[in-house]
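Listed below are the residues making up each chain.
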Amino acid sequence: MAGSMGKWRRAFGPLFTVVWSFALASIFVSAERSLKLESMSHNATGTSPRGSDSDLLTSVLNFLWQGDESGYQHIWPDLEFNWKIVVGSIVGFFGAAFGSVGGVGGGGIFVPMLTLIIGFDPKSATAISKCMIMGAAVSTVYYNLKLRHPTLDMPIIDYDLAVLIQPMLMMGISIGVAFNVLFADWMVTVLLIVLFIGTSTKAFLKGIETWKKETIMKKEAEKRSGTNGNGEGDDYKLLPSGPRSNEAKDVDETATILENVCWKEFGLLSFVWVAYLALQIIKNYTANCSVMYWVVNLLQIPVSLGVSGYEAVSLYKGWRKIGSKGETGTNFKVHQLLTYCFFGILAGLVGGLLGLGGGFIMGPLFLELGVPPQVSSATATFAMMFSSSMSVVEYYLLKRFPVPYALYFVAVATAAAFIGQHVVRRMIIVLGRASIIIFILAFTIFVSAISLGGVGVSNMIGKIQRHEYMGFENLCKYDP
């Protein structure tokens, strides 16, 4: 019983931390601004200030919600060749290269680049970031479709794991896009800093653990072969964090695309994507907050639950298994499957809200499941290809980004992702260390936390000084 409670605490602890931090931040910011306004008012009238607990509560509620107020105004600079485009392209290139290798998309680097260098407002930058993530994901998936699992005779993409997570990811994306309209920028900043520092630390520790295991295996391989440095290829195949097949034969690392596609699972994922696309198009022709609007939104739930539920029941009964985990990928517990689905929703919510790839959540989660780094990155990117493309459709229908800019940066991200995958794969084969992927994952998440957090804090301070509205937006009155 105690062990079960410990698992639930580890699973949902970060969520409670985020909620608590969010509440404290709202009280602090609203109180600080209300005190300034009250001080200015008393200075103008010459009266002395009087405060009470009820005044503080009222100021917090007024700060968080004023139905007729809006703090959003989009800023779209003209697309022209200048130093901003050059620097932004370079930053975007490296962001896409690192993000695709780590399986996180690179949105944590794209959004600050688009905001600080190019000059977009934060919410438009979020939308264009999703376009770049889509381009990088499509390029990476095309590259990975020709690769096999490093130690097992299966594709490098774990399709069963994708079927379990991706429908929940899609549902979370829809919620996140709506929250992107509702939430003020400072709220996003609080969520981002807490979540990213936690996940980057966990990924870094996992990388150190994997590095140590790889070192031990390299030494054992050298002893067996009686040489120093001739076993790099074997070390790459014999990942300490990945299961091995019972057969002693070598596993081919490449195959044709047709051989590597599991068509049944791919068909299920495509069905979810098409269903969500149809619902989004229908929703675009309904009035905000009308009965039809909410009916269409709620129809997304049975689509996601139906596909993920089918996969979860199959895993629970032992009819299917997470192939990349080998013999341990069967007979999951109910609380495990619920936790994985919850984190799928959370990954989508964060992705839609912040304009990031859900890989910031899925990558560390897959590593904790014992999935090898290459498979974790490939599977997370495969799921992101579906979710990010749906986000792009939703943002386009909301008119959240200029198309010419989006097309240009999609091209940059697509090329960068393909080059990044090729270079890092060569490094892994030469060095015999797949932990490089985990360190790239941790580094990308940490840099994203610092850059996005810094931009968010700076914007929040500016709005406080200008006494701007910093509460929730009104979804029903939103007009793109």
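Residues numbered from 1 in each chain as written. Predicted model: local features only at pLDDT ≥ 70, side-chain atom pairs only at ≥ 80, totals over all residues. Heavy atoms only, no water.

Got a sec to walk through the packing of aromatic side chains? Specific residues and values, please.
The final tally for this structure, using the stated rule, is 16 aromatic pairs. Ring geometry for Y408 against F409: centres 5.1 Å apart, planes inclined by 70°, an arrangement best described as edge-to-face. Look at Y408 and you get partly exposed, because its relative accessible area is 32%. Take F409: its relative accessible area is 0%, and that puts it in the buried class. (Phe/Tyr/Trp six-rings, centres within 6.5 Å; stacked < 30°, edge-to-face > 60°. Buried < 20%, exposed > 50% of the residue type's maximum accessible area, 1.4 Å probe, protein only.)

Break down the packing of helix 16 (residues 403–431) against helix 17 (residues 435–466) for me, with residues and values.
For the pair helix 16 and helix 17, the least separation of the axes is 9 Å and the interaxial angle reads 135°. Between helix 16 and helix 17, the crossing angle belongs to the class labelled oblique. Contacts between helix 16 and helix 17 involve V424, M427, I428 and L431 from the former and I436, I437 and I440 from the latter. Residues of the contact of helix 16 with helix 17, tallied by class, amount to seven nonpolar, no polar and no charged. (Axes fitted to C-alpha atoms, helices over the stretch in contact; angles between N-to-C directions. Helix = DSSP H or I, 4+ residues; strand = E, 2+ residues; numbered from the N terminus. Parallel < 35°, antiparallel > 145°, perpendicular 65-115°, else oblique. Contact = heavy atoms within 4.5 Å. Nonpolar A, V, L, I, M, F, W, Y, C, P; charged D, E, K, R; others polar.)

Quick rundown of the nonpolar core? Include the residues and the values.
By size, the foremost hydrophobic cluster in this structure holds 90 residues, and its most contacted members are L114, I118, F196, M362, F366 and F382. The residues touching F382, leaving out its near neighbours within four places in the chain, are V141, I157, Y159, A162, F266 and L269. In this structure, A184, W186, M187 and V190 belong to the second largest nonpolar core, which totals twelve residues. (Core = buried A, V, L, I, M, F, W, Y, C linked by side-chain atoms within 4.5 Å.)

I'd like a description of the confidence of the model for the protein, backed by residues and values.
On average, the protein scores 74 in pLDDT, and the residues at 70 or more come to 72%. Counted against residues more than four places away or in other chains, residues 24–37, with its pLDDT under 50, gives 24 contacts. Across residues 228–251 the pLDDT falls below 50, and counting only partners more than four positions away or on other chains, this stretch makes 61 contacts in the model. (pLDDT = per-residue confidence, 0-100.)

So what's going on with the pattern of salt bridges? Which residues, and what values?
Using the criterion set out here, one finds four salt bridges in the structure. Between E209 and K213 there is a salt bridge, with its nearest N and O atoms 3.3 Å apart. Taken together, the residues E209 and K213, both in helix 7 (residues 185–225) and four residues apart, mark about one turn of the helix. Because the salt bridges share partners, they merge into one network encompassing D160, E265, E311 and R320. (Salt bridge = Lys/Arg side-chain N within 4 Å of Asp/Glu carboxyl O.)

Hey, could you go over the packing of helix 4 (residues 107–118) against helix 5 (residues 122–144) for me, with residue numbers and the actual values?
Interhelical geometry of helix 4 versus helix 5 gives an angle of 135° and a closest axis separation of 8 Å. Put simply, helix 4 runs oblique to helix 5. Between helix 4 and helix 5 lies a crossing whose hand is right-handed. Between helix 4 and helix 5, the residues in contact are G107, F110, V111, M113, L114 and T115 and P122, A125, T126, I128, S129, M132 and I133, respectively. Of the residues belonging to the contact of helix 4 with helix 5, the class tally is nine nonpolar, four polar and no charged. (Left-handed = near helix turned anticlockwise from the far one by under 90°.)

Describe helix 17, naming the residues involved and giving the relevant values.
In an α-helix there are 3.6 residues to a turn, and that puts residues three or four apart on one side. With 32 residues, helix 17 extends 47 Å from end C-alpha to end C-alpha; this agrees with the ideal 46 Å at 1.5 Å per step. Looking one or two residues past helix 17, H467 carries a phi angle of roughly 55°, positive in sign. (Expected span 1.5 Å × (residues − 1).)

Would you mind going over the side chain of S139 in detail, with residue names and values included?
Note on placement: S139 falls in helix 5. On the basis of relative accessibility, which here comes to 7%, the residue S139 falls in the buried class. When neighbours within four sequence positions are excluded, S139 is seen to be in contact with T414, A417 and F418.

Describe helix 14 (residues 359–368), naming the residues involved and giving the relevant values.
Within helix 14, nine of the ten residues are buried, which leaves the element mostly enclosed by the surrounding structure. Those residues of helix 14 that sit buried are G359, F360, I361, M362, G363, P364, L365, F366 and L367.

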